[in-house]
Amino acid sequence: MIPLSYAQARIWFYEQVAGAGSAYNLPYALRLRGDLDTAALRSALVDVLIRHEALRTLYLVAAGEPYQRVVPAAQAQPVWTVAGCTEPGLTEHLADACNLPFDLTTDLPIRPHLVRLGPREHVLLVMHHIATDGWSLGPLARDLAAAYRARSAGTEPAWEPLPVQYTDYTLWQHELLGSVNDPESLLSQQLAHWRTALDGLPEEAGLPLDRPRPATPSHKGTAVALTSSAELHRRLLGFARQHNATLFMVVQAALATLMSRLGAGTDIPLGTATAGRTEDELEELVGFFVNTLVLRTDLSGDPSFGELVDRVRESDLLAFANQDVPFERLVEELNPVRSLARHPLFQIMLLTQRSGNGDGTGDGTGLDFAGLASEPVPVGTDAVKFDLTLAVGEAYRDGGPVGLRLNADFATDVLDPASVRRLLAQLLRLLEAALADPGRPISRLDLLSAEERHTLLVEWNDTAHPLPDHRPVHELIADRARQTPAATAVEHPDGSLDYAGLDTRANRLAHHLISLGAGPGRLVGIFLDRGPDRIVALLAVLKSGAAYVPLDVSYPPERVAFIAEDAGLSLVVTGQQLLERLPQSTAEVVLLDDEALSAHPVTAPEVAVRPRDAAYVIYTSGSTGRPKGVVCEHAALGDLCAWMVRHYGLDRADRASQLVTPGFDSAVVELWPVLAAGGTACLPSPELLDDAEALTTWITTAGITVCFMPTPRLEVALDDLTANPGALRLLYLGGDTLRRWPAPGVPFVLSNQYGPTECTVAATSAELGPEPAPVCCRRSAAPPTTPGCTCWTST
């Protein structure tokens, strides 16, 4: 039995895992004008199958291992299909034909499809799968033309026999590479290079995606293209010559720079393809020889673009010198973290190709089909293998460069056409900037158009708006206490507080704190369990003019002690039952149940609070280093509350859940806006916080109208809340990437908010609706509207 080549094994294994699909279909379409002899064409294709064993090979399995079986020449009959079509519908017709999968165990890996556009105009579509690569299109087209000429004349093609067949190459490849157990083998020596070259490679390339990648990709995609000027093409060729580099290396450096500037870091892995035909005997052979290389670009140290091209040249030359290791074997050896959601080792493929000033026999243009005029027809499929494949085509006319065509195939699971067009435009702009000043550090190369710069600096920063009141939040809550004293301010299973009670208790505690030294510029810790007492203490600190520092009672004692010392707390408010859990510090302890509080006035203390005075301090988690305290001012807190009240129409009828730990800054946006609006802050029983199902039930039965949830918790509860929202009208989230879209018909506003603690909780906000409806994305000037089209991308 003849084993599969390493490249074939990759496709075979992929289809065992993902199922038969069209991701590895390789379409080739040829327009033929003139009086077509269909019988001669059919015979000619059989001649080609007989000449090239790879086109009449099946892929079977024995004892769990795949092997090749060449179908005898007498039995090699391709299955033809013939259909009529109009010119406007040709693109869609070809794309549909290209998306049909192959059964590798029963189907020959070539599927001829003849499209009749008119009496003297046809398009021949030939589908190849595991048997061919892009290079094979040239020999295939030339042999088909030669055979057609012979069959049209009533003879057989008189070509020289091929010196080798693909099965010979497969056996030779296994023998040449040798065993990984032999340290002197070519495989072992080249693998040693790759272990060092790719050590510590990032799992993902860091391409900025429009959507989180799904766990199981659809492999559906589309393409966009952009063309450069002839002048840029000419200058790039000259720049490459100056650096003893190829155009490919210059574009690789630019693409890696762009990825880095868009947030991918300084270690950028890209993939590329090599022809794999290292011997002359393979030049005219149809087969799957292509191999994939990983090209790693090091952008550390902010080099100039010229320096980066030099780095790329050196690393690429080493990579191509070790190109014999099959990509599949490399993945097996390096054993990266595997995921069906992404391609291993790289997710961006970079290719270059050249056209023009040739005889056309490589693509079918100018071939002698016994008097028929022939030219290739672009064929688009909706199948993609990578997040992004960038093919850079060079066009020449009369010996001179006339421009680069950037063609980007991309996965519509994760990218939108507009994003990819912008990326291509930025790549061309970066190349222009790099050539204008190749000594400039890559971090300073200009990526933005004038319009983009205006959008970023002017339009998106035009956020000024009149604030209705610069009064601090605690004064707004005092207004609510005067206006609706009996309205419930805080609701808790162990007891509730109306606004009058909340205001009175907070005023007394504020006077007590002031008597102990609290005031503007001082920090007061709050070490209390979740409940009305904690809200009283928070409000009292604001009324005293000091800033509060939440100390979560669930924190380890060491963290509480660190915050108390680092913040320089002068006072800590706690309860008698928590004294034993409060670490010792230099701060004076204030007991909330101290009888001395009753002696203080019930009226608000007269403390002048300025907009720039600190309102609270939140400590970061310290997950990436030492925790730090972030000071947020009264003006910023008031602005946040005013925006929430104004934008979402918060009022006294709202009931806002209080679910977040006090050390998390989202507790700020949970509490203060609803109290400023005169609504009710609702606290569930503590045991509900660890029971997602019970908590969701509480939200719907407690009449909650406004709720914040960290993103992971929301993703669990979203379906249940959508089905049974109760009174919920606003659900906002933050803290992590949302990995799913809400279903159609969500009965409440879903707001995705983000902002670092330094920006007072939320700096950006977007209201989410259902995922955009799919639209057809065929590669034609005007997308068709065929009902049930499965080729789509999100608008």
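Heads up: these notes are all about the structure in this document. (Residues numbered from 1 in each chain as written. Predicted model: local features only at pLDDT ≥ 70, side-chain atom pairs only at ≥ 80, totals over all residues. Heavy atoms only, no water.)

### Overview of the nonpolar core
Residues Val 573, Trp 672 and Leu 675 are the most contacted members of the largest nonpolar core, which totals 77 residues. Element by element, the count of residues in this core is highest for helix H15 (residues 532-544), at 8 residues. (Core = buried A, V, L, I, M, F, W, Y, C linked by side-chain atoms within 4.5 Å. Buried < 20%, exposed > 50% of the residue type's maximum accessible area, 1.4 Å probe, protein only. Helix = DSSP H or I, 4+ residues; strand = E, 2+ residues; numbered from the N terminus.)

### Brief notes about the environment of Thr 297
Of note, Thr 297 is situated in strand S10 (residues 291-298). The spacing of Thr 297 and Asp 267 is 30 residues in sequence and 5.9 Å in space, taken between C-alpha atoms. A polar contact of 3.1 Å, which involves the side chain of Thr 297, links it to the side chain of Gln 252. (Polar contact = N/O pair within 3.5 Å; in protein donor to acceptor, adjacent residues only side chain to side chain.)

### Thoughts on the pairing of strand S25 (residues 706-710)
Within S25, 4 of the 5 residues are buried, leaving the element largely enclosed by the surrounding structure. Alignment of S25 against strand S26 (residues 730-734), held across 5 bridges, turns out to be parallel. Across the sheet, Cys 707 pairs through a bridge with Leu 731, a residue of S26. The parallel pair S25 and S26 is bridged by helix H20 (residues 711-723), and the resulting crossover is right-handed. (Pairing = 2+ DSSP bridges. Right-handed = clockwise from strand over helix to strand, strands pointing away.)

### Details of unusual backbone geometry
A positive phi is found at Asp 302, a non-glycine position, where the angle reads about 50 degrees. Counting through the fold element by element, Asp 302 comes out in the loop between S10 and helix H9 (305-321). If you check the backbone angles, Thr 760 has positive phi at about 60 degrees while not being a glycine. Along the chain, Thr 760 falls in the loop between strand S27 (749-754) and strand S28 (764-768). For Thr 760, a relative accessible area of 6% puts it in the buried group.

### Observations regarding the sheet that holds strand S12 (residues 373-377)
Spatially, S5-S6-S7-S2-S12 is the arrangement adopted by the 5 strands of the open sheet, whose pairing is mixed. In this open sheet, the two strands that pair with only one neighbour each are strand S5 (81-84) and S12. For this sheet, the mean inter-axis angle between neighbouring strands, taken without regard to orientation, is 20 degrees. Pairing geometry for strand S2 (residues 26-33) and strand S7 (residues 121-128), over 8 bridges, is antiparallel. Bridged to Arg 33 within S7 is Glu 121. Sheet strands touched by helix H3 (residues 90-98): S2, S5, strand S6 (110-118), S7 and S12. Its angle to S7, the strand with the most contacts, is close to 25 degrees. (Axes fitted to C-alpha atoms, helices over the stretch in contact; angles between N-to-C directions. Contact = heavy atoms within 4.5 Å.)

### Some thoughts on the pattern of salt bridges
Applying the stated criterion across every chain, the model contains 38 salt bridges. We note a salt bridge from Arg 31 to Glu 121, for which the minimum N-O separation is 2.5 Å. One end of the pair, Arg 31, is in strand S2; the other, Glu 121, is in strand S7, with 90 residues separating them in the sequence. Owing to a relative accessible area of 8%, Arg 31 belongs among the buried residues under this scheme. Measuring nitrogen to oxygen at the nearest pair gives 3.1 Å for the salt bridge that ties Arg 313 to Asp 310. Note that Arg 313 and Asp 310 are positioned in helix H9 at a spacing of 3 residues, about one turn of the helix. For Asp 310, a relative accessible area of 28% gives the class partly exposed. Connected through salt bridges with shared partners, the residues Arg 31, Arg 33, Glu 87, Glu 121 and Glu 375 form a single ionic network. (Salt bridge = Lys/Arg side-chain N within 4 Å of Asp/Glu carboxyl O.)

### Here we look at the packing of aromatic side chains
Taken as a whole and judged by the stated rule, the model has 14 aromatic pairs. Taking 5.1 Å as the distance between ring centres and 70 degrees as the angle between the ring planes, the aromatic pair formed by Tyr 166 and Phe 289 counts as edge-to-face. With Tyr 166 in helix H5 (residues 166-177) and Phe 289 in the loop between strand S9 (267-274) and S10, this pair connects stretches of sequence that are 123 residues apart. Here Tyr 166 and Phe 289 have matching classes, each one buried. Judged by centre distance (5.4 Å) and plane angle (55 degrees), the ring pair of Phe 708 and Tyr 732 falls under tilted. Highlighted residues: Phe 708 in strand S25 and Tyr 732 in strand S26, separated in sequence by 24 residues. Here Phe 708 falls in the buried class, since its relative accessible area comes to 3%. (Phe/Tyr/Trp six-rings, centres within 6.5 Å; stacked < 30°, edge-to-face > 60°.)

Coordinates in, geometry out; function isn't part of it.
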